[in-house]
Each structure stands twice: as structure tokens, then as C-alpha cells.
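Fold and geometry: a report
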Amino acid sequence: MLSAKSAEVVEATLPVVGAAIGDITPRFYDRLFAAHPELLRDLFNRGNQANGTQREALAGSIAAFASALIANPDQRPDAMLARIAHKHVSVGIDNEQYKVVHEHLFAAIVEVLGAAVTPEVAAAWDEVYWLMANALMAVEDRLRDEAAAGGDPADLWRPYTVVTRYQETSTVTSYLVRPADGRPVPASRPGQYVSVRTELPDGAHQIRQYSLSGGADGALRFSVKREDGGEVSGHLHDHLRTGDTVELAPPMGDIFLADGDGPVLLASAGIGNTPMTAMLDHLAATGSSRQVISVHGDHDQLSHAFRADLEQLTAKLPGATAHVFYERPLGEWPAERTGLVDLATVEIPAGTTAYLCGPLPFLRAVRGQLLAAGVAAADIHYEVFGPDLWLGA
Ligand SMILES: Cc1cc2nc3c(=O)[nH]c(=O)nc-3n(C[C@H](O)[C@H](O)[C@H](O)COP(=O)(O)OP(=O)(O)OC[C@H]3O[C@@H](n4cnc5c(N)ncnc54)[C@H](O)[C@@H]3O)c2cc1C
Ligand code: HEM
């Protein structure tokens with residue numbers, strides 16, 4: 001796919017571009033937002049911009065894509081783009097914006113690398129950019145069409161009415177919402193998320209993702225943990241009440257429970273159990289006889305959201321067991337379940353497919369334990385509640 005000439009130039013310049021990418025991405029975003037302030041206000045997550053995670057994810061993804069192209073010039077590494085494409089569609093970016101990003105990204109590259117960007121170097125990296133952009137656009141077009149299910153793909157945001165608001169713990173609130181436009185609830189797969197668009201007091205429309213934590217006939221449930229200093233989670237907790245309207249994009253996300261009858265392990269920490277609760281709910285609702293191993297880590301019983309759901313859903317599933325770890329349990333609690341999640345005492349059957357969700361240190365530790373227990377790397381799927389800094393890893 002990448003021409004032989006460009007592959008050579010990209011390979012030769014990758015170390016220089018890779019070393020400079022930490023300087024290129026901030027300049028790119030500064031240029032982009034100076035030219036289009038509305039993108040920072042109403043499209044990009046300004047929390048992720050402030051803490052730098054989105055910049056790191058963008059840089060990592062471009063470097064990883066270029067490296068994969070060099071390793072296999074005849075193949076386009078589409079698989080690694082699925083997560084980005086789902087996120088792009090979920091927040092509503094359109095194909096025209098790829099030209100805008102291209103303009104500011106390449107201006108930033110020239111600003112940082114100066115004369116090193118000869119016409120030959122610029123042309124080679126241009127090819128990488130458009131291979132990546134075209135691959136993303138193709139997946140995004142398909143996802144938009146599927147999500148619209150006969151409607152207009154441009155009609156991304158739909159109004160929903162909050163029919164129930166429920167306090168799961170002192171910091172986690174669930175919202176059960178129904179479409180307010182009379183159209184049916186969109187299809188979703190267990191493990192997927194919705195983007196929620198909120199108008200904040202300064203007039204900005206900020207978008208955040210929330211995994212579906214279950215649902216009911218004609219309704220979706222999502223659950224929000226109030227983050228310290230978090231703009232949108234705090235706003236939803238303080239202002240979104242039963243009867244209110246909230247704007248949601250259709251369910252998206254490349255990590256969902258795949259059909260099958262082999263053993264499945266669902267491991268989460270903290271609020272990472274929202275997609276796991278949806279997966280368990282789905283398994284119970286479909287009367288699954290799969291072997292299901294639920295593993296969850298939390299601070300203590302009071303901070304553990306969906307404790308009752310875990311007990312009830314596990315009880316409904318003949319092949320399910322639950323293993324809960326608390327760092328500081330309240331009252332009596334088994335010693336081997338005290339502390340961080342540790343799979344040493346959990347039997348993991350051959351052929352297990354694992355789904356993980358939680359903070360990065362948790363994902364790293366559990367993934368390592370699963371690999372050591374013989375689970376194939378390809379059978380370990382993970383969701384992260386922020387820009388994926390593993391994309392480039
Ligand atoms: C696929 C996916 C699924 C998700 N599912 C869920 C879910 O089911 N439930 C859930 O609760 N969350 C979920 N999230 C996380 C959610 O989308 C939000 O990121 C979360 O609610 C925090 O948003 P916020 O606006 O409250 O915080 P933000 O304002 O975006 O802040 C985020 C973090 O950045 C820090 N920050 C903000 N400004 C600065 C600054 N100037 N300098 C340094 N640091 C700063 C904040 O202190 C905070 O720790 C999911 C995320 C993804 C990507
Ligand atoms: C080849 C070009 C592009 C690449 C490589 C790229 C890469 C990425 C990556 C890696 C993420 C983070 C995904 C995750 O883990 O959650 C992301 C998210 C995002 N991208 Fe892109 N992107 C490209 C083009 C665009 C364009 C054209 C726009 C529109 C202006 C855009 C807007 C966004 C937004 C709004 C998010 C979510 C940001 C957030 O939540 O903080 N991207 N992109």
C-alpha cells in the first residue's frame with residue numbers, strides 16, 4: 001500500500017519524527033484550535049487536552065501506524081484503527097475535517113523539523129497521513145450508515161428523556177433514558193458506550209463517553225462516576241434529573257462481548273465495571289450456559305457500584321462465579337480477596353476470552369497475569385476510559 005520510495009523515506013525519518021512528535025502534537029493542537037476555536041469548545045474533550053492524554057494518543061497512533069506500514073508495506077493495518085474510528089463517529093467528526101487536520105498537522109511538522117522536511121520527506125509522510133485518513137474514513141462511513149439504520153447519518157445526536165435516576169454509591173449515579181423523539185432505541189452490543197453531549201455554564205458543548213451499564217425494553221442505562229474536578233461528570237450529577245432531556249449519540253465501541261460458548265472472564269476495577277455489568281446482564285437475559293468468571297476490584301463495599309447487580313446476575317447464570325477484591329474491606333472479608341486484584345487463586349479455564357476495563361495499572365497487571373496463566377494475547381480485550389495510550393505501545 002505504501003509506495004516503495006515513501007517506505008524508504010519514512011523508515012529513514014521515523015526516528016527523527018518519532019523523537020520530535022512530543023513537540024509536534026502540542027503545536028498542531030495550538031494551531032488547530034487557534035484557527036477553529038469551536039473545535040476545542042464543542043468537539044474535543046477539553047479535559048483530555050488539559051491533561052495531555054489526547055495529544056499523546058494521537059502521536060502514538062501515527063507513529064504506530066507508520067511503523068506497521070514499514071514492517072508490512074503491502075498491508076494497511078486497519079485493525080488498529082477500529083478504536084479511533086468508533087470514537088470519531090461517536091463524537092461526530094466528518095470527512096471534510098481530515099483536510100483541516102492535515103493542514104495544521106503538516107504546518108506543525110514543518111515548524112518543528114524545519115529544513116529537514118524536504119519535498120521528498122513531506123510527500124512520503126503525506127502518503128502515510130492519507131493512507132491512515134482514508135482507512136479511517138472508510139470505516140467511519142460504514143459505522144455511520146449502520147448506526148443510522150435507515151435514518152440520516154448526519155442526524156447523530158438524539159434527545160433522550162431521563163426516566164430514572166439512581167444513586168449507585170456516593171459518587172456513582174445511573175441514568176435510565178428513553179428516546180424523546182418517538183423513534184426506537186438504537187441497537188447496542190454489550191460493552192459499547194454512548195457519547196453524551198452536555199451544554200456547560202460557559203456555553204461550551206462538551207462530549208464524554210459513558211459505557212452502557214445495562215438497559216431495559218426501549219431504554220438505555222449509563223452510569224457516571226463523579227470525578228474530582230471533572231467538568232461533565234460533576235455537571236451531570238448536579239443537574240441531570242428525572243424528566244430532563246439529554247443528548248446522546250448512538251452506541252459505538254469496538255470492544256463488546258462476542259458471541260460464542262467458550263469460557264469468558266470479565267475483569268474490572270472501580271467504575272470499569274459498567275461495561276462488564278452490561279455483558280453480565282446480556283448473558284443472563286439470553287439464558288447463557290457459558291462459564292463466566294467475574295473478577296472485580298474496588299476500594300471497599302461502599303465504593304463498589306453494581307454490587308447487587310453482580311450478585312443477582314451471577315446467581316441467574318449457572319456457569320458463573322464472582323471474585324471480588326477490596327483494598328480496605330469493611331468488616332470480615334477473606335484475606336485472599338483483600339488487596340488489589342490478583343488472579344493467582346482464580347482458576348482460568350483453557351480457551352478463555354477475557355474482557356478488561358479499569359485504570360492502566362490495573363489493565364497492565366491483569367493482562368500480565370492472564371498471559372502467565374496461558375490466555376492467548378489475541379483473546380484479551382480491554383477498554384480504557386480515556387484516550388488509549390496503548391494504541392502506540
Ligand atoms: C470508552 C469510554 C467509556 C467510558 N465509560 C465511562 C463510564 O461508564 N462511567 C464513567 O463514569 N466514566 C466513563 N468514561 C469516562 C468519561 O468519559 C469521562 O472521561 C469522565 O466522566 C470524566 O469527565 P469529566 O468531564 O467529569 O472530567 P474532565 O473535566 O474531562 O477531567 C478529566 C480528568 O482530567 C483532569 N483535568 C481537568 N482539567 C485539567 C487541567 N487543567 N490540568 C490537569 N488535569 C486536568 C481532571 O481532574 C480529571 O481527573 C468513559 C470513557 C471512555 C473513553
Ligand atoms: C489521520 C488522522 C487522525 C488520526 C491519526 C487521529 C487519531 C486519533 C486518536 C488516536 C484518538 C484517540 C482515540 C481513543 O483512544 O479514544 C482520536 C480521537 C479524536 N479525534 Fe482523531 N484522528 C485523526 C483525525 C481526526 C480529525 C480529522 C478530527 C476532527 C477534527 C479528529 C477529532 C478527534 C476527536 C474529537 C477525538 C476525541 C477526543 C477526545 O475525546 O479527547 N480526529 N483521534
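Source: prediction; values computed, not measured. (Residues numbered from 1 in each chain as written. Chains lettered and ligands numbered in written order. Predicted model: local features only at pLDDT ≥ 70, side-chain atom pairs only at ≥ 80, totals over all residues. Heavy atoms only, no water.)

Examining the overall build of the protein chain
When you go through the protein chain residue by residue, the secondary structure sums to eleven helices and eleven strands. Over its C-alpha atoms the protein chain spans a radius of gyration of 22 Å, differing by no more than 12% from the 21 Å that the globule rule assigns to 393 residues. Projected onto its principal axes, the C-alpha coordinates of the protein chain cover approximately 65 × 50 × 40 Å. Residues counted as buried form 49% of the 393 residues belonging to the protein chain. Intrachain contacts of the protein chain at a sequence separation of at least 6 include 73% that bridge at least 24 residues. (Helix = DSSP H or I, 4+ residues; strand = E, 2+ residues; numbered from the N terminus. Rg over C-alpha atoms; globule rule 2.2 N^0.38 Å. Buried < 20%, exposed > 50% of the residue type's maximum accessible area, 1.4 Å probe, protein only. Contact = heavy atoms within 4.5 Å.)

What about the site of ligand 1?
Around ligand 1 sit 25 residues, and of these Gln209, Tyr210, Lys225, Val232 and Ser233 come closest. For ligand 1, an oxygen atom lies 2.7 Å from a polar atom in the side chain of Tyr210. Taking Ser211, its main chain carries an N or O atom lying 3.1 Å from a nitrogen atom of ligand 1. Contact with the protein chains covers 77% of the free accessible surface of ligand 1, which is 980 Å². Only helix H3 (46–51), strand E4 (205–216), strand E5 (219–225) and helix H8 (231–239) provide two or more residues apiece to the shell around ligand 1. When residues in the shell around ligand 1 are grouped by element, the largest group, four residues, is from E4. (Near = heavy atom within 4 Å. Polar contact = N/O pair within 3.5 Å; in protein donor to acceptor, adjacent residues only side chain to side chain. Areas by Shrake-Rupley, 256 points an atom, 1.4 Å probe, with all protein chains shown as cover.)

Points about the site of ligand 2
By nearness alone, 24 residues border ligand 2, and Asn48, Arg83, Lys87, His88 and Asp388 come closest of all. Contact between ligand 2 and Arg83: an oxygen atom at 2.7 Å from a side-chain N or O atom of the residue. Here the shell around ligand 2 is built from residues that sort into 15 nonpolar, six polar and three charged. (Nonpolar A, V, L, I, M, F, W, Y, C, P; charged D, E, K, R; others polar.)

A few points about the packing of aromatic side chains
Tallied over the full model, the rule gives nine aromatic pairs. The interplanar angle of 90° and the centroid separation of 4.9 Å between the aromatic rings of Tyr129 and Trp130 together place this pair among those described as edge-to-face. Its relative accessible area of 24% is what places Trp130 among the partly exposed residues. One aromatic cluster is present, built from ring pairs that chain together Phe28, Tyr29, Phe33 and Phe44. Here Arg189 stacks its cationic end above the ring of Phe256, 4.6 Å away from the centre of that ring. (Phe/Tyr/Trp six-rings, centres within 6.5 Å; stacked < 30°, edge-to-face > 60°. Lys NZ or Arg CZ within 6 Å of the ring centre and 35° of its normal.)

What about the sheet that holds strand E11 (residues 380–383)?
In space, the five strands of this open sheet follow the order E9-E8-E7-E10-E11, with parallel pairing throughout. Only two strands of the sheet have a single partner each, and these edge strands are strand E9 (320–326) and E11. Looking at each pair of strands side by side, their axes are set apart by 15° on average, direction ignored. As defined by bridge partners, strand E7 (residues 264–269) adjoins strand E8 (residues 292–298) across six bridges and the pair is classed as parallel. Bridging from a neighbouring strand, Leu265 pairs with Ile293 of E8. (Pairing = 2+ DSSP bridges. Axes fitted to C-alpha atoms, helices over the stretch in contact; angles between N-to-C directions.)

As for the packing of helix H6 (residues 97–113) against helix H7 (residues 119–148)
Close contact between H6 and H7 brings their axes to 11 Å; oriented N to C, the two are set at 155°. The orientation of H6 relative to H7 falls into the category roughly antiparallel. The crossing of H6 and H7 is right-handed. Residue-level inspection shows Tyr98, Lys99, Val101, His102, Leu105 and Phe106 of H6 in contact with H7, the latter providing Ala122, Trp125, Asp126, Tyr129, Trp130, Ala133, Leu136, Met137 and Glu140. Classifying every residue of the contact of H6 with H7 by side-chain character gives eleven nonpolar, one polar and three charged. (Parallel < 35°, antiparallel > 145°, perpendicular 65-115°, else oblique. Left-handed = near helix turned anticlockwise from the far one by under 90°.)

Some words on the coordination of the iron atom of ligand 2
From the protein, the iron atom of ligand 2 takes a single donor atom, His88 (NE2), 2.1 Å away. For His88, the location among the structural elements is in helix H5 (residues 82–91). (Donors = N, O, S within 2.8 Å, 3.2 Å for Na, K, Ca; no water.)

As for helix H9 (residues 273–285)
Taking 1.5 Å of rise per residue, the 13 residues of H9 would be expected to cover 18 Å, and the 18 Å separating its terminal C-alpha atoms lies within 8% of that figure. Burial runs high along H9: ten of the 13 residues are buried. When H9 is considered as a whole, its buried residues turn out to be Asn273, Thr274, Pro275, Met276, Thr277, Ala278, Met279, Leu280, Leu283 and Ala284. Of the surrounding secondary structure, the elements contacted by the buried residues of H9 are E4, E5, E7, E8, helix H10 (307–316) and strand E10 (353–357). (Expected span 1.5 Å × (residues − 1).)

Remarks on the pattern of salt bridges
Applying the stated criterion to the full structure yields 16 salt bridges. Two residues, Arg197 and Glu247, come together in a salt bridge whose shortest N-O distance is 3.0 Å. Placement of Arg197 in strand E3 (residues 193–199) and of Glu247 in strand E6 (residues 245–248) is noted, with a sequence separation of 50 residues between them. As a salt-bridge pair, Asp309 and Arg221 come within 3.2 Å of each other at their nearest N and O atoms. A residue pair is termed long-range when its members are at least 10 positions apart, and Asp309 in helix H10 and Arg221 in strand E5 qualify at 88 residues. Of the two residues examined, Asp309 and Arg221, each falls in the buried class. (Salt bridge = Lys/Arg side-chain N within 4 Å of Asp/Glu carboxyl O.)

Notes on the environment of Gln206
Summarising the element assignment, Gln206 is placed in strand E4. For Gln206, a relative accessible area of 0% translates into the label buried. Taking C-alpha positions, Gln206 is 6.9 Å from Arg41, a pair spaced 165 residues apart along the chain. In this structure, Gln206 is in contact with Leu40, Arg41, Asp42, Phe44, Asn45, Arg46, Val196, Arg197, Thr198, Leu200 and Val232, ignoring residues within four places of it in sequence. At a separation of 3.2 Å, a polar atom in the side chain of Gln206 contacts the main-chain carbonyl oxygen of Leu40. At 3.0 Å, the side chain of Gln206 forms a polar contact with the backbone oxygen of Phe44.

Take it as geometry only, folks, not as evidence of what the structure does.
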